[in-house]
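The primary structure of each chain is shown beneath.
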Amino acid sequence: MAAQSPWRLRRYGVHPGARRPGRCAARRSRARGMRLTEANDTARRRDLEIIGEFPALPASPEKPAVVRQATVFRIYPNKAQEEALRQWAGAGRWFWNKCVEINQQLYVYEGRFAFHGELSALLPEMKAAEILAWLKEPPAIHLVDVSRRFDKALRDFLDDRQAVRAGRKTAAKAKDFPKFKSKRDRDVSIYLPGSALKLIRRQAAAPDKARGWVELPGMDETQVWTRVKRQGRIEEKRVNVRRAIRVRGGRWPEGTIRSATIKREGGAWFLSVQFDGPPPKKIERPSLPAPADKPVHPDPTANNGPAVDPNAGPETAAVGYDAGLKNLLIGSDGSWKPVGWNLRKAEKKLKREQRAASRRTQRRLEMEKREGRKLPKSSGERKAHARVAATHRQVRRRRSDLLHQTSHRATAKAGIVCVEDLNVAGMARNKHLAKSVADAGLGEVQRQLEYKSRWRGRHFVKLDRFDASTQTCSGCGHRLEGETKLSLFDRRWTCPSCGEAHDRDENASLNVLRWGLHKLIRRGTSEVTPGKSGALAAGPNPSGKRRKGKGLRRTRSRREAANSARGTGNVGASQDLVSRELLQ
């Protein structure tokens, strides 16, 4: 028989030289699918048996009427509006660099630092100076927020330095002193208060789509420099900016807008709006009929059931979920959701685009070295780096969409959601699993499960990360120890005590369900009631006695730091010094 060509073998997903799959392989594949279905049915029965062991489960908590939410819009500013946003971001970057410079000089001359209260008090004097009159153009709260963020960065640096001296943290993990920001930095953000933001919704838009405009504060008064070519000469003139900016998003905010942040990512501008409103409701989207020549086929890999209404009651009393790198969530009811692997699917495209951008950058560096002067980036180099950033943004959005769909389904169908805490940071330090852990989004899906359970009036139980859910038999409770422990390659095992065959992930999800229900019931007993337990008490001192010594000194130091941050500390003596250093 003639040998198969390599390209024909690759059609079947095998390496050249490997055996072509035949009928036996197809039969084995069908048998695996049948065993998987039977395992799901068995897991569903075991799930109901475990729930039946707890006849008196606590009632569902009350669903909150108002929750803190956020929605993201894509905004489309014109050239003049984009130039104004760049000027606002540039003013914030200049003030950040000035805060770094002031603190460096204060530490050299006085041995102390200036915090938010002292730094924000300098803004009126800065704007009054003629040379700094351009600081009046951006919203005032934006510059105040810059000083607040610098205050947090400085305090984190001081806390980490104290932790290093006490031996609680290594110097490699400690944060550094706030650094100067460059115009080429990618983190461009503008903070705005909710009262200064006005969203105008387009009435002709569909009910499930957010279309409209946003009015920013002071945009009418902002003037930008624009180059105009007249009679062969390039002249610069200042023009007023049109106020309204077109926006597009997925969900229109309903409620009181608290704040907004404008960010720039890879050449695109986004508006993130934080608001207080009712939990999201189900939106009925009209379904388009499929063409006759292209029937709709169900996805065989998505065994998560039909879409559910989050406002309706739960379908089942409780579900335990085990997270993994092959399947994102494995439910005790037999459902599973595979990992999207969005980054690995885009690796080939990213490699090609990054190599193209690197070639253009290397070509420019060689020309700089040959000519002995610095050259600006060409339009081709900027476009190449913009394509790389756009691909990364697409990967992030696809991963976020998958995680939101998974957490939506998981919290809407169960009255009690039980998960196991994971050391995601420790898993990411494994050089063999780091990329897979980051691509799966294990930490983000647990965060979404927690707050969505609270939004929909569900109980959320998180088990300790050291509970051996994988090494324990869900039937008899036997725990594997020593040499009998399972490795990462053992996907199926048989209990040596009762002889029951287990799937690794399904067995872990059943244990998570049983242990989670035990933990939920113990919450209401007199042994671990938050009001009587010192470990779970709301306050740090449940006995009511006044603490002495080290704790009192720590409280006093925190109070003095808070007064300094509000500008009520020792700021009068050095206010003139800071002003003189600023205006020199």
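Quick caveat, the model's predicted, so the values are computed rather than measured. (Residues numbered from 1 in each chain as written. Predicted model: local features only at pLDDT ≥ 70, side-chain atom pairs only at ≥ 80, totals over all residues. Heavy atoms only, no water.)

Time to look at the overall build of the protein. Counting its regular elements, the protein contains 15 helices and 16 strands. Every one of the 584 residues in the protein was classed for burial, and the buried ones make up 37%. Contacts in the protein between residues far apart in sequence, at least 24 positions, make up 70% of those at least 6 positions apart. Accessible area of the protein: about 36,100 Å², with a carbon and sulfur share of 51%. (Helix = DSSP H or I, 4+ residues; strand = E, 2+ residues; numbered from the N terminus. Buried < 20%, exposed > 50% of the residue type's maximum accessible area, 1.4 Å probe, protein only. Contact = heavy atoms within 4.5 Å. Areas by Shrake-Rupley, 256 points an atom, 1.4 Å probe, with all protein chains shown as cover.)

With that out of the way, let us pick up the confidence of the model for the protein. With 71% of its residues at a pLDDT of at least 70, the protein reaches an overall mean of 76. Confidence drops under pLDDT 50 across residues 294-306; counting only partners more than four residues distant or on other chains, this segment forms 14 contacts. Here residues 525-584 is a poorly scored stretch, pLDDT under 50, and it has 55 contacts once near neighbours within four places are set aside; other chains count. (pLDDT = per-residue confidence, 0-100.)

What follows concerns the sheet that holds strand β4 (residues 210-215). Overall, antiparallel pairing links the seven strands, which are arranged β2-β8-β9-β1-β7-β4-β3 in an open sheet. Both outer strands of the open sheet, β2 (188-193) and β3 (198-201), are each paired with one neighbouring strand and no more. Strand after strand, the sheet turns through a mean of 30 degrees between neighbouring axes, direction not considered. Here four bridges tie strand β1 (residues 67-76) to strand β7 (residues 244-249), and the two strands are oriented antiparallel to one another. Paired with Y76 across the strands is R246, a residue of β7. (Pairing = 2+ DSSP bridges. Axes fitted to C-alpha atoms, helices over the stretch in contact; angles between N-to-C directions.)

Turning to the sheet that holds strand β11 (residues 327-331), a few remarks are in order. Strand pairing within a sheet occurs via backbone hydrogen bonds; the two strands may be parallel or antiparallel. Strand order in the open sheet made by the five strands is β12-β11-β10-β13-β14, with mixed pairing throughout. This sheet does not close on itself; its edge strands, each paired only once, are β12 (336-338) and β14 (459-463). Across the sheet, the axes of successive neighbouring strands diverge by a mean angle of 20 degrees, strand direction being ignored. In terms of strand pairing, strand β13 (residues 414-420) meets β14 through five bridges, oriented parallel. Across the sheet, I416 pairs through a bridge with H459, a residue of β14. Relative to β14, helix α13 (residues 504-523) is tilted by about 115 degrees, and along the sheet it contacts β10 (316-323), β11, β13 and β14.

When the terminal C-alpha atoms of helix α3 (residues 79-109) are compared, their 45 Å separation across 31 residues agrees well with the 45 Å that a helix rising 1.5 Å per residue should span. Between the side-chain oxygen at the start of α3 and the backbone nitrogen of A80 there is a gap of 3.3 Å, and the oxygen is on N78. Of the residues one or two after α3, G111 is the one with positive phi, at around 70 degrees. (Expected span 1.5 Å × (residues − 1). Polar contact = N/O pair within 3.5 Å; in protein donor to acceptor, adjacent residues only side chain to side chain.)

Residues K183, R184, K351, R355, R359, R360, R363, K374, K377, R382, K383 and R387 make up a contiguous surface patch of positive charge. Of all the secondary-structure elements, those providing two or more residues to the positive patch are α8 (347-371) and α9 (379-413). The element that contributes the greatest number of residues to the positive patch is α8, accounting for five residues. Residue placement: R360 occurs in helix α8. (Patch = residues over 30% accessible without salt bridge, like charges linked within 9 Å, V, L, I, M, F, W, Y side chains within 5 Å. Salt bridge = Lys/Arg side-chain N within 4 Å of Asp/Glu carboxyl O. Lys, Arg positive; Asp, Glu negative; His and termini not counted. Charge placed at Lys NZ, Arg CZ, Asp CG, Glu CD.)

Mapped onto the elements, S436 comes out in helix α11 (residues 434-440). Not counting residues up to four positions away in its chain, the partners in contact with S436 are L325, W341 and R344.

In helix packing, the relevant descriptors are the interaxial angle and the interaxial distance, both defined with respect to the helix axes. For the pair α8 and α9, interaxial distance at closest approach is 9 Å and the crossing angle is 155 degrees. Classified by the angle their axes make, α8 and α9 are roughly antiparallel. When you trace α8 past α9, the crossing you get is left-handed. In this structure, α8 uses K349, L350, E353, Q354, A357, R360, T361 and R364 to contact α9, whose residues at the interface are G380, E381, A384, H385, R387, V388, T391, H392 and Q394. The residue makeup of the contact of α8 with α9, split by class, is four nonpolar, seven polar and six charged. (Parallel < 35°, antiparallel > 145°, perpendicular 65-115°, else oblique. Left-handed = near helix turned anticlockwise from the far one by under 90°. Nonpolar A, V, L, I, M, F, W, Y, C, P; charged D, E, K, R; others polar.)

Our next topic: the pairing of β10. Burial of β10 is extensive: six of the eight residues sit out of reach of the surface. The pairing of β10 with β13 spans five bridges and is classified as parallel. Following the sheet pairing, G320 is matched in β13 by C418. Sheet topology note: the β10/β11 ladder contains three bridges and is antiparallel. When the sheet's bridge partners are listed, D322 is paired in β11 with I330.

This part takes up the packing of α3 against helix α6 (residues 140-166). Running from N to C, α3 and α6 point in directions that differ by 40 degrees, and their axes come no closer than 9 Å. By the criterion of interaxial angle, the relationship of α3 to α6 is oblique. Both α3 and α6 take part in a crossing whose hand is right-handed. Across the interface between the two elements, W88, A89, A91, G92, F95, W96, C99, V100, N103 and Y107 from α3 touch H142, L143, V146, S147, R149, F150, A153, L154 and R161 from α6. The class makeup of the residues in the contact of α3 with α6 is 13 nonpolar, four polar and two charged.

So, on to the environment of K351. By secondary structure assignment, the location of K351 is in helix α8. By relative accessible area, which is 48% here, K351 ends up partly exposed. With 37 residues separating them in the primary sequence, K351 and V388 have C-alpha atoms 9.1 Å apart.

What follows deals with the pattern of salt bridges. Under the definition given, this model contains 25 salt bridges. In this structure, R155 and D151 form a salt bridge, with 2.9 Å as the shortest nitrogen-oxygen distance. Residue R155 and its partner D151 are located together in helix α6, separated by four residues, close to a single helical turn. Residue R155 is classed as partly exposed on the basis of its relative accessible area of 22%. For D151, a relative accessible area of 10% puts it in the buried group. D156 serves as the salt-bridge partner of K152, at 3.1 Å between the closest nitrogen and oxygen. Highlighted residues: K152 and D156, both in helix α6, separated by four residues, approximately one helical turn.

Further remarks concern the packing of aromatic side chains. Taken as a whole, this structure holds seven aromatic pairs when the rule is applied. Summarising the aromatic geometry, the rings of F73 and W252 are spaced 5.6 Å apart at their centres and angled 70 degrees between planes, so their arrangement reads as edge-to-face. Taken together, the residues F73 in strand β1 and W252 in the loop between β7 and β8 (256-265) connect sequence positions 179 residues apart. Accessibility assignment for this pair places F73 and W252 in one class, buried. Geometrically, the ring pair formed by W94 and W134 is edge-to-face, given 5.4 Å between the ring centres and 80 degrees between the ring planes. (Phe/Tyr/Trp six-rings, centres within 6.5 Å; stacked < 30°, edge-to-face > 60°.)

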